[in-house]
Amino acid sequence: MFEIKNWLIFLGLIFANTPISSAQEILTLKEAIRTAVNNYGTIKAKSNYADASKATAVQAKRDYLPNFNLSAQQDYGTVNGQNGPLYGFGGLGVSSSGLALPEQNWNAAFGALYLTNINWDFFAFGRAKEKIKTAQAVATRDSKDWQQEIFQQEIKVAAAYLNLLAAQKLTQSYQKNLNRADTFRRVVVTRVKNGLNAGVDSAQANAEVSNAKIALTRALDFEQSAANQLAQLMAVPVQDFTLDTVFISRLPSLLGDSAALNDHPLLQWYKSRIAVSEEQTKYYKTFNYPVFSLVGVLQTRGSGFDAAYNQDQHAYTKNYWDGIKPTRTNYLIGVGVTWNLAQPFRISQQVKSQKLVSKGLEAEYELAGQQLKAQYQLSETRIQNSLNNYYEAPVQVKAASDAYLQKSVLYRNGLTNLVDVTQALYALVRAETDRDIAYNNVWQALLLKASATGDFNLFEKEL
């Protein structure tokens, strides 16, 4: 007794210190969508593209500001000059200046140049303004692209979630079918052993169990594929999801509501692409006109060569501080105009090309609108059909269940054959799967309508 008591205490301590595994957390559809929007790589990428375009629009505004350059240099070298033509290709020629002496000398001293330069293309017939508008249109386009990507991802995740729900329901139905087939097999085997039925019934019952196992394996395979797809869209590791099954058992209330298609995120994105092309056309046209510029220069120089160096080539100093000290200053203020008269001949084709691009984008916009209208009409039809099946499915399940019960009871009493029972079992499995799909299809139809109208809230607020 003492040993038994000790064993009981020992086992009690083990169970007391063993943590009870909590049920797996239920993944709601809203949580799945939020996770996907936060994690999915394409959405992150397009968010960055949108932010980059906004920064480019700000940069386009700042491009209109005047250029303000500061320059300082301190040099040491000779100042030999020579009469003759010179052109510094690519800015490679040095700017040494001095006497045109009859022969080379190597007198060298320090020199310095301090320069401030301002230049500003202050008027170009709206070129800067159109450049800013084009950059802003690009920023709007990329923002719309990001928004429509989020919308598309919400639709994809919701569809994958509903597919996984349907797959799990089908798996449950096929598991119940396997249980029924196995239970009935035991009944058949018992009757065969007792000589109440022919031995072939036992073989046929075994075949039905095997068929039920294969059907269940196929359902599990479909469920695993659906779970894998949902995990990919959420950008999370593949896992077994426990989904919310409460909302799928009821009807949504907004099945008959209508909505406008003009605000669809996809159409808004197409509109923004057209707007970018039109702004680019306007921007290209501004290159036909001249540019008016304002320039201002303040220049200070220092040199180790004395003013008398013209008469006395010894009038220079090698002292560094005397060479770089500013001694001469010049300033310049001017207004200029630049007009490339050949530019209109080049730009005309670029403008023509961009106008054709705009027409192409408009054609894509019209096609997208037509497709969304067709999708909306299809969603209305599917909603009506899914509702008809939703109300009819319970009737089919009830009839098939009653028929299976009747045939199985008759078989147990030797009043019917196994073929009739098998046919009733097939009818019951089909009715249960039709019911599961019918309930899911109502929500799939509503999701299709939300996808067509571009209003995901139409679907989400029913959850």
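Located above this text is the structure these notes cover.
Residues numbered from 1 in each chain as written. Predicted model: local features only at pLDDT ≥ 70, side-chain atom pairs only at ≥ 80, totals over all residues. Heavy atoms only, no water.

1. Digging into the overall build of the chain
So, step 1. What the chain contains, in helices and strands, is 10 helices and four strands.
So, step 2. When the helices and strands of the chain are placed in sequence order, the string is α-α-α-β-β-α-α-α-β-α-β-α-α-α.
So, step 3. Against the compact-globule benchmark of 23 Å for 463 residues, the chain has a radius of gyration of 42 Å, which places it well outside the compact range.
So, step 4. For the chain, the spread of C-alpha atoms along the three principal axes comes to 140 × 75 × 40 Å.
So, step 5. The proportion of buried residues among the 463 residues of the chain is 36%. (Helix = DSSP H or I, 4+ residues; strand = E, 2+ residues; numbered from the N terminus. Rg over C-alpha atoms; globule rule 2.2 N^0.38 Å. Buried < 20%, exposed > 50% of the residue type's maximum accessible area, 1.4 Å probe, protein only.)

2. Overview of the pattern of salt bridges
So, step 1. Under the counting rule described, the total for this entry stands at 13 salt bridges.
So, step 2. Between E149 and K46 there is a salt bridge, and its shortest N-O distance comes to 3.0 Å. Here the residue E149 occupies a position in helix α4 (residues 127–193), and K46 occupies one in helix α3 (residues 41–62), the gap between them amounting to 103 residues.
So, step 3. K46 gets classed as buried once you look at its relative accessible area, which sits at 17%.
So, step 4. Between E279 and K282 there is a salt bridge whose closest N-O contact spans 4.0 Å. Of this pair, E279 and K282 are both found in helix α6 (residues 265–285), three residues apart, which corresponds to roughly one turn of the helix.
So, step 5. A relative accessible area of 16% places E279 in the buried class.
So, step 6. Three or more residues are tied together by salt bridges with common partners; here these are K46, D145 and E149. (Salt bridge = Lys/Arg side-chain N within 4 Å of Asp/Glu carboxyl O.)

3. Concerning the pairing of strand β4 (residues 328–338)
So, step 1. In terms of burial, β4 is a largely surface element, one of the 11 residues being buried.
So, step 2. In this sheet, β4 lies alongside strand β3 (residues 291–303) in antiparallel orientation, the contact comprising 11 bridges. Looking at β4, one finds that G296 is bridged to I333. (Pairing = 2+ DSSP bridges.)

4. Section: unusual backbone geometry
So, step 1. The backbone phi angle of F125 is positive, close to 55°, even though this residue is not glycine.
So, step 2. Look at A235: it is not a glycine, yet its phi comes out positive at around 60°.
So, step 3. Mapped onto the secondary structure, A235 falls in the loop between α5 (199–234) and α6.

5. What about the side chain of H264?
So, step 1. With respect to the element layout, H264 can be found in the loop between α5 and α6.
So, step 2. One polar contact links the side chain of H264 to the main-chain amide nitrogen of L266, over a distance of 3.0 Å.
So, step 3. Within the structure, H264 has its side chain in polar contact with the backbone oxygen of S451 (distance 2.6 Å).
So, step 4. Beyond its immediate stretch of four places on either side in the chain, H264 contacts F151, L372, S451, A452, T453 and G454. (Polar contact = N/O pair within 3.5 Å; in protein donor to acceptor, adjacent residues only side chain to side chain. Contact = heavy atoms within 4.5 Å.)

6. What to know about the side chain of T300
So, step 1. By the element assignment, T300 lies in strand β3.
So, step 2. A distance of 3.2 Å separates polar atoms of two side chains, one belonging to T300 and the other to T329.
So, step 3. Apart from residues lying up to four places away in sequence, T300 is in contact with A112, L113, Y114, P326, R328 and T329.

7. Here we look at the sheet that holds strand β2 (residues 108–123)
Two strands in a sheet stick together by hydrogen bonds in their backbones, pointing the same way (parallel) or opposite ways (antiparallel).
So, step 1. Spatially, β1-β2-β3-β4 is the arrangement adopted by the four strands of the open sheet, whose pairing is antiparallel. Two strands close off the open sheet at either side, each with one partner strand: β1 (67–78) and β4. Sheet twist, expressed as the mean angle between neighbouring strand axes with direction ignored, is 15°. (Axes fitted to C-alpha atoms, helices over the stretch in contact; angles between N-to-C directions.)

8. A closer look at the packing of α4 against α6
So, step 1. α6 packs onto α4 with a crossing angle of 165° between their chain directions and a minimal axis gap of 8 Å. By the angle between their directions, the pair α4 and α6 is classed as roughly antiparallel. Judged by the sense of rotation from one axis to the other, the crossing of α4 with α6 is left-handed.
So, step 2. Its residues placed into classes, the contact of α4 with α6 shows nine nonpolar, six polar and 10 charged. (Parallel < 35°, antiparallel > 145°, perpendicular 65-115°, else oblique. Left-handed = near helix turned anticlockwise from the far one by under 90°. Nonpolar A, V, L, I, M, F, W, Y, C, P; charged D, E, K, R; others polar.)

9. Some points on the packing of aromatic side chains
So, step 1. Applying the stated rule across the entire model yields 22 aromatic pairs.
So, step 2. Between Y283 and F287 the ring centres are 5.2 Å apart and the planes differ by 80°, which places this aromatic pair in the edge-to-face class.
So, step 3. Owing to a relative accessible area of 17%, Y283 belongs among the buried residues under this scheme.
So, step 4. Using a relative accessible area of 23% as the deciding quantity, one classes F287 as partly exposed.
So, step 5. Ring geometry for Y390 against Y439: centres 4.7 Å apart, planes inclined by 45°, an arrangement best described as tilted. Placement of the pair is Y390 in helix α8 (residues 343–412) and Y439 in helix α9 (residues 418–453), with a sequence separation of 49 residues.
So, step 6. Through successive ring pairs, a cluster of aromatic residues spans Y161, F247, W443, F456 and F459.
So, step 7. Here the guanidinium or amino end of R191 rests over the ring plane of Y411, the centre of that ring lying 5.7 Å away. (Phe/Tyr/Trp six-rings, centres within 6.5 Å; stacked < 30°, edge-to-face > 60°. Lys NZ or Arg CZ within 6 Å of the ring centre and 35° of its normal.)

10. Notes on the environment of A215
So, step 1. Along the chain, A215 falls in helix α5.
So, step 2. Judged by its relative accessible area of 17%, A215 falls in the buried class.
So, step 3. A C-alpha to C-alpha distance of 8.7 Å links A215 and L178, two positions 37 residues apart in sequence.

11. Side note on the nonpolar core
So, step 1. Y161, L230, F241 and F459 are the most contacted members of the largest nonpolar core, which has 32 residues in total.
So, step 2. Secondary-structure elements contributing two or more residues to this core are α2 (29–39), α4, α5, α9 and α10 (457–460).
So, step 3. Among the elements that take part in this core, α4 stands out by supplying 10 residues, more than any other.
So, step 4. Aside from chain neighbours lying at most four places away, what touches Y161 is L27, T28, L29, A32, L230, L243, D244 and F247. (Core = buried A, V, L, I, M, F, W, Y, C linked by side-chain atoms within 4.5 Å.)

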